[in-house]
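Residue-level structure breakdown
As a plain string of letters, each chain reads:
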2 protein chains.
Amino acid sequence: MDASDIRLLSAGTALPGPPVDNVTLARRFGMDDLWQQWIDVFIGTRTRHLSVDLDTGETVVSLADLGERAARRALSAAGTDAADIDVIVMGTATPDALMPATVNEIADRLGIDQIPTYQLQSGCSGAVQALEVGRQMLAGGGHRNALVIAGDSCARHFDLEADLRSLPPAELVNVVLFGDGAGAAVLTSDPAPGTVALRRVMTRFTGRGRAPGQIVRWFGQADRAGRAAGIGEAAVSEDYKAIEESVPEMAAEILAELLDSLDWKDTDLDFVLPPQLSGRMTARISERLGLDTAEEITCVGQTGNCGNALAFFQLEEVLGLLGRGDRAVGIAVESSKWIKAGFALERL
Amino acid sequence: MDASDIRLLSAGTALPGPPVDNVTLARRFGMDDLWQQWIDVFIGTRTRHLSVDLDTGETVVSLADLGERAARRALSAAGTDAADIDVIVMGTATPDALMPATVNEIADRLGIDQIPTYQLQSGCSGAVQALEVGRQMLAGGGHRNALVIAGDSCARHFDLEADLRSLPPAELVNVVLFGDGAGAAVLTSDPAPGTVALRRVMTRFTGRGRAPGQIVRWFGQADRAGRAAGIGEAAVSEDYKAIEESVPEMAAEILAELLDSLDWKDTDLDFVLPPQLSGRMTARISERLGLDTAEEITCVGQTGNCGNALAFFQLEEVLGLLGRGDRAVGIAVESSKWIKAGFALERL
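Description of the structure in this document. (Residues numbered from 1 in each chain as written. Chains lettered and ligands numbered in written order. Predicted model: local features only at pLDDT ≥ 70, side-chain atom pairs only at ≥ 80, totals over all residues. Heavy atoms only, no water.)

**Side note on the interface of chain B and chain A**
- Listed per partner, the contact involves 70 residues of chain B and 70 residues of chain A.
- Summed over both partners, the interface of chain B with chain A comes to about 6,300 Å²; 57% of that surface belongs to carbon and sulfur atoms.
- At the boundary of chain B with chain A, the tally comes to four salt bridges.
- For B:Lys337, the salt bridge identified is with A:Glu105, shortest N-O distance 4.0 Å. (Contact = heavy atoms within 4.5 Å. Buried area = accessible area lost by both parts, 1.4 Å probe. Salt bridge = Lys/Arg side-chain N within 4 Å of Asp/Glu carboxyl O.)

**Description of the pattern of salt bridges**
- Using the criterion set out here, one finds 38 salt bridges over all chains in the structure.
- Here B:Glu105 makes a salt bridge to B:Arg109, at a shortest N to O gap of 3.0 Å. Note that B:Glu105 and B:Arg109 are positioned in helix α4 (residues 102-109) at a spacing of four residues, about one turn of the helix.
- Overall, the relative accessible area of 27% leaves B:Glu105 in the partly exposed class.
- For B:Arg109, a relative accessible area of 28% puts it in the partly exposed group.
- Taking the shortest distance from any N to any O, the salt bridge between B:Asp268 and B:Arg327 comes out at 3.6 Å. Highlighted residues: B:Asp268 in the loop between α8 (240-262) and β11 (271-273) and B:Arg327 in strand β13 (residues 327-334), separated in sequence by 59 residues.
- One salt-bridge network, in which partners are shared between bridges, spans A:Asp65, A:Glu68, A:Arg72, A:Glu105, A:Asp108, A:Arg109 and B:Lys337. (Helix = DSSP H or I, 4+ residues; strand = E, 2+ residues; numbered from the N terminus. Buried < 20%, exposed > 50% of the residue type's maximum accessible area, 1.4 Å probe, protein only.)

**Focus on the relation of the copies chain B and chain A**
- The two copies are related by a screw motion: chain B maps onto chain A through a turn of 180° and a shift of 0.0 Å along the axis, at an RMSD of 0.0 Å. Classification of the inter-copy transformation places it as that of a two-fold axis.
- Both copies present the same face, since 100% of the interface residues in chain B are matched by interface residues at the equivalent positions in chain A. (Least-squares fit on C-alpha atoms with pLDDT ≥ 70 in both.)

**Re the packing of helix α2 (residues 33-43) of chain A against helix α6 (residues 169-177) of chain A**
Residue and element names in this part refer to chain A.
- Contact geometry of α2 with α6 gives a least axis separation of 11 Å together with a crossing angle of 85°. The angle between α2 and α6 falls in the class roughly perpendicular. Contacts between α2 and α6 involve Trp35, Trp38, Ile39 and Ile43 from the former and Leu172, Val173, Val176 and Leu177 from the latter.
- Split by residue class, the contact of α2 with α6 holds eight nonpolar, no polar and no charged. (Axes fitted to C-alpha atoms, helices over the stretch in contact; angles between N-to-C directions. Parallel < 35°, antiparallel > 145°, perpendicular 65-115°, else oblique. Nonpolar A, V, L, I, M, F, W, Y, C, P; charged D, E, K, R; others polar.)

**Overview of unusual backbone geometry**
Residue and element names in this part refer to chain A.
- A cis amide bond links Met99 with the next residue in sequence, Pro100, at an omega value of -10°.
- Here Pro100 shows up in the loop between β4 (87-92) and α4 (102-110).
- Its identity is not glycine, yet Gln114 carries a phi of approximately 65°, on the positive side.
- Residue placement: Gln114 occurs in the loop between α4 and β5 (117-121).

Here is the structure:
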């Protein structure tokens, strides 16, 4: 046990609007009961929260709104004042704008100034990447308290007038799989007793020679005018076959590597935070992990896949459950270009 | 002098296509000699390189193409094999896609695998932010050699069919101000004698309560379909008045802070790498800095404002000029939400 490990003081989360269930979504897109049952069975997501008003199609909540709310909750739960934060790291695949980085809009709203801020362009491993950059900033000794934020909004790609009957299945899935949300955490280099140590963080590109499992595009002025290369391309493409084949095995490898590096046995784990691509995939992954004694913490059935935010929903829950000496492992797999990520926690 | 300072072994850069001069640009947009003279006098950029084919409007070079070329040059100049790199940090405002991060596409092409990769969403301070994240990763002791990459492409927002006569001046400037390019550098924790030490890196958000000086938007499937909020908005908005008023003063403050933290006098400086928003602005900033004895290193007259890449063009040049004991300071100001950034170099 290394007393100098960085501590994870708190986590906070935020979701836009009320939960949108499958019946509501089916009605909004003019789809029938069969479609709704298909979501239940094959996706396993019961509700999600959206930044888009389903009546008007307008984006009513920004990523900065969500990030700010999550950050305030995390700061409050940690008992840390915004003035004590000396570095911020954010992860997202869907910033409000390319410039300025959303992290700076959030910093401004929190009344934070004169500190370094970083925003990672990241997907399902983004929460872990942001935790690791935050941890490194503290480990180097130059900073004491880091605010880590992560979140995503599918609003800009969520086309309410899409004709779902004409969409290929791979694109249809995108309409029901994703949700919007944000999370945040406070890290500190102060080794107070009773706090949760971030014992390991790993994030590693493993995509050499592999085609992306997920591509999310953005369009510019030239594309919008219908003149550039992007116009004919799907905004979001997923290779669900590759994802289904690879992710459970990758999750098992991440778990084994984390346990091995800490000399922990799988029966030492009290909690596991599995990857949450969808309710159904998470169930398959959990089966593959085969952790009989560790309690599983998931949220995807309620939140949908909110990308960078997901791990913070799990963290918020597990922080309330971890007793002294309890251990947890979190696992994330980013299929975009195949990143293995994970972390290990222990309350000291 | 701290022997443990991280070393900057090399820098490499890449530009797409041939230089595009103001006459060519004026002709392509059907503008007259007066417009061309206006660029010469008020912008001060003589050429830029573009990822777009001016005849067809097609994007012929991607950011991954540019980043890969710059990275190969930096690796070669450092005499470092790609296999020895154990972390990559990239900065860009204009990734090829939202997912996967462009850094991972570049890693794949370089044959790099099984290491952490990070991509920052950053603007004019992005090169410095990426250097600092790379530096922190090495300073923590967990990594030995970092590849830092930075670049931008305005291709997706570069609308060749825009009617420049109908554009307001603030948008007109965007057509001539920007260029595409990428840069890279190799950092190491190995304190070999004769190498250049990265004596200081600073990056600090200073935008509390200030409106953004630059906004660059992206559009999604819903915006493209003409249904969401973004459709009426300009892709790129700049507050040139605020930029002209603030940036020279901020640059002087960054210089003073860097010198002060190292106990260097301005006459100790052999080279200065000023911010390069445009040729004209750089001249104004240099005047404000008032460094009579330090040689100025700029490239914006030839490359245009290529955002995240700019500092690497300056670094590539200054690394060839820095003799033993020579000192240089680089300064960057990001107007998007007002970030102060800079670094100090010394050949030991």
